[in-house]
Amino acid sequence: MDFVVGGLAACSAGLFTNPFDLIKTRQQLHGELSVRKSGPNLYKNVWSSARTIIKTEGILALQKGLSAALSFQFVMNSTRLGLFETLSIHGLTRNKDGQLVPIRLIFCGGLCGVAGASAAAPFYLVKTQIQAMSKGEAAVGFQHNHRGTFQALGNIFQDGGLRGLWRGTSGLVCRIAMGSAVQLSTFTECKDFCQRYEIFRKNDFLTTVGASVVSGFFLVVFMTPFDVISTRLFNQGVDERGRGLLYRNIFDCFVKTFRVEGFWGLYKGFMPMFYRAAPHTILNLTFWEQFKKWKRIYIDEFATKDINS
């Protein structure tokens, strides 16, 4: 149940934050490997990006790729959060005195992120490619021809087999490992710090929100470059042998992006990512804490009573 709880919490948050994820993807692919792009920048900021998407594709397009995004969130976070909760229950994040150990938090968070990213990579691949799909001047990056999540999975499998479904996973693994290590370690540390004060001890929701805000900020700062790289690796086209048309691997993508677009090219989509990450972190971890509380009340206690009877 710890794994299911983690997945449901992430899906609940993803329903609200998917539009910002879509905008982030478009901005990260806009002007890919070019110093300047001719014509107006339709994805200059969050609001111009939203106007462009609504104008060219309709308001419902703001939820483009939602089914793939929720599938990714469920698989990735059910693995990531469920595994982290299991490690925490077994005391692997604390010392013998019960105190949190930062290096253990970072290691466990990163390890859980790698496991989650590896399991959910095909859905992230499809999510990125569907979100990049547009038309006319609004089109960015390589344009794929998918009609839906399952059709996209079928097309990718048909063209590249199982290996094709996990193409570009190295970028996602680095992204999730970094993000998970930062998010879970800072969230756990901040929540433990807040519990020292009476105002937070009396209000679990306030504690979770406060810890989530701090966690979300550090998450975006450290994870954005890896997010840009993973988006580009997943969206690039491939040749008849399944090799990327623009990038050979994560290092090649990083070097080319930095060389052509400079340092800030690695931080494209920072603001929509922050607008997404801050509420997503708050909602995700708040739902996670609430679902765990309900699990303890309605499932664990019921199972205990059933065993005792």
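The rules behind each value
In this convention, every chain numbers its residues from 1, walking through the sequence in written order. Confidence filtering applies because this is a predicted model: local features only for residues at pLDDT of at least 70, side-chain atom pairs given and counted only at 80 or more, and all residues used for totals across whole chains, interfaces and linings. Hydrogens and water are ignored here; the side-chain numbers use all heavy atoms of the structure. Think of it this way: any DSSP run of H or I at least four residues long counts as a helix, any run of E at least two long counts as a strand, and we number them from the N terminus. Relative accessible area decides the class of each residue, using a 1.4 Å probe on protein chains only: under 20% of the type maximum gives buried, over 50% gives exposed, and in between gives partly exposed. Salt bridges are identified by distance alone: a Lys or Arg side-chain nitrogen within 4 Å of an Asp or Glu carboxyl oxygen. Axes here refer to lines fitted to C-alpha atoms; in helices the fit is confined to the stretch in contact. Angles between the N-to-C directions go from 0 to 180 degrees. Angles below 35 degrees are treated as roughly parallel, those above 145 as roughly antiparallel, those between 65 and 115 as roughly perpendicular, and all remaining angles as oblique. For any pair of crossing helices, the crossing counts as left-handed if the nearer helix is rotated counterclockwise from the farther one by less than a right angle, and right-handed if it is rotated clockwise. What makes two residues a contact is simply this: any of their non-hydrogen atoms within 4.5 Å. Just so you know the grouping, Ala, Val, Leu, Ile, Met, Phe, Trp, Tyr, Cys and Pro go in nonpolar, Asp, Glu, Lys and Arg go in charged, and all remaining residues, Gly too, go in polar. Here, expected helix span is obtained from the residue count minus one, scaled by 1.5 Å. Within 6.5 Å between ring centres, the rings of Phe, Tyr and Trp (the latter by its six-membered ring) count as paired, and their orientation is classed by plane angle as stacked under 30 degrees, edge-to-face over 60, tilted in between. Throughout this description, the term charge over a ring refers to an Arg CZ or Lys NZ atom that lies within 6 Å of the ring centre and within 35 degrees of the ring normal. Cysteine sulfurs are considered disulfide-paired once they come within 2.5 Å of each other. Identification of polar contacts relies on pairs of N or O atoms within 3.5 Å, with a donor-acceptor requirement for protein atoms, meaning one able to donate a hydrogen and the other able to accept it, and with residues adjacent in sequence counted only if both atoms are side-chain atoms. Only buried residues count toward a nonpolar core, which is a set of Ala, Val, Leu, Ile, Met, Phe, Trp, Tyr and Cys residues joined through side-chain atoms within 4.5 Å.

In this section: unusual backbone geometry. Despite not being glycine, Leu 33 has its phi angle at roughly 55 degrees, a positive value. Within the element layout of this structure, Leu 33 appears in the loop between helix 1 (2-29) and helix 2 (46-57). For Leu 33, a relative accessible area of 24% puts it in the partly exposed group.

Before going further, it helps to spend a moment on the pattern of salt bridges. When the charged atoms of two side chains lie near each other, side chains of opposite charge can form a pair. Overall, the coordinates contain 12 salt bridges when judged by the stated rule. In this structure, the salt-bridge partner of Arg 276 is Asp 21, at a minimum N-O distance of 3.7 Å. Remark: Asp 21 occurs in helix 1 and Arg 276 occurs in helix 10 (residues 270-308); sequence separation between them is 255 residues. With relative accessibility at 10%, the residue Arg 276 sits in the buried group. The buried category is assigned to Asp 21, whose relative accessible area is 5%.

Below, the discussion takes up the packing of helix 4 (residues 102-132) against helix 5 (residues 149-165). One way to put it is that helix 4 packs onto helix 5 with a least axis distance of 10 Å and a crossing angle of 125 degrees. Considered as vectors, helix 4 and helix 5 are oriented oblique to each other. Judged by the sense of rotation from one axis to the other, the crossing of helix 4 with helix 5 is right-handed. The segment helix 4 lies against helix 5, with Ala 121, Pro 122, Phe 123, Leu 125, Val 126, Gln 129 and Ile 130 engaging Thr 149, Ala 152, Leu 153, Ile 156, Gly 164 and Leu 165. Each residue belonging to the contact of helix 4 with helix 5 can be placed in one class, and the counts come to 10 nonpolar, three polar and no charged.

Our next topic: helix 6 (residues 169-194). Think of an α-helix as 3.6 residues a turn; residues three or four steps apart then line up on the same face. If you check helix 6, its first and last C-alpha atoms are 36 Å apart, about what 26 residues at 1.5 Å a residue would give, namely 38 Å. Buried residues dominate helix 6, accounting for 19 of its 26 residues.

The description of an aromatic ring pair uses the distance of the two centres, along with the angle that the planes make with each other. Scanning all chains against the criterion turns up 11 aromatic pairs. Feature note: the residues Phe 20, Trp 47, Phe 274 and Tyr 275 constitute an aromatic cluster, connected by ring pairs. Between Lys 127 and the ring centre of Tyr 124, over which it is positioned, the NZ or CZ distance is 4.5 Å.

As a packed pair, helix 4 and helix 6 sit with axes 6 Å apart at the nearest point and diverge in direction by 140 degrees. The angle between the axes of helix 4 and helix 6 places the two elements in the oblique class. Like other packed secondary-structure pairs, helix 4 and helix 6 cross with a definite hand, here right-handed. Where helix 4 abuts helix 6, its residues Pro 102, Leu 105, Ile 106, Gly 109, Gly 110, Gly 113, Val 114, Ala 117, Ser 118, Ala 121 and Tyr 124 lie against Thr 169, Leu 172, Val 173, Arg 175, Ile 176, Ala 177, Ser 180, Ala 181, Leu 184, Ser 185, Thr 188 and Glu 189. Class assignment of the residues belonging to the contact of helix 4 with helix 6 gives a composition of 13 nonpolar, eight polar and two charged.

Taken as a whole, this structure holds zero disulfides when the rule is applied. Looking at Cys 108, it has no disulfide partner, and the nearest cysteine sulfur is the one in Cys 112, 6.3 Å off. Assessed through its relative accessible area of 5%, Cys 108 is described here as buried. Of the cysteine sulfurs around Cys 174, a residue in no disulfide, the closest is that of Cys 253, at 11 Å.

Before going further, it helps to spend a moment on the environment of Thr 79. Inspection of the secondary structure puts Thr 79 in helix 3 (residues 66-89). Put simply, Thr 79 and Ala 115 are 36 residues apart on the chain and 6.8 Å apart in space, counted from C-alpha to C-alpha. There is a polar contact of 2.9 Å between the side chain of Thr 79 and the backbone oxygen of Val 75.

Right, let's get into the nonpolar core. Counting residues in hydrophobic clusters, the biggest one holds 18 residues, and the most contacted among them are Phe 72, Val 126, Leu 172 and Ile 176. Where this core is concerned, the elements lending two or more residues are helix 3, helix 4, helix 5 and helix 6. The dominant element in this core, judged by the number of residues it contributes, is helix 4, at seven residues. The contacts of Ile 176, once residues within four sequence positions are left out, are Phe 72, Met 76, Arg 80, Gly 113, Ala 117 and Ala 181.

What follows is about the environment of Val 238. Tracing the backbone through its elements, the reader meets Val 238 in the loop between helix 8 (204-235) and helix 9 (250-261). Residue Val 238 is classed as partly exposed on the basis of its relative accessible area of 36%. Taking the C-alpha atoms as reference, Val 238 lies 40 Å from Thr 286; in sequence the two are 48 residues apart.

Take the environment of Phe 16 next. As for its position among the elements, Phe 16 is in helix 1. Along the backbone, Phe 16 and Phe 226 are 210 residues apart, and their C-alpha atoms lie at a distance of 23 Å.

Here we take up the side chain of Asp 227. The residue Asp 227 is located in helix 8 in this model. At 2.2 Å, the side chain of Asp 227 and the side chain of Arg 175 are in polar contact. Residues within four places of Asp 227 in sequence aside, it is in contact with Lys 24, Gln 28, Tyr 124, Arg 175 and Met 273.

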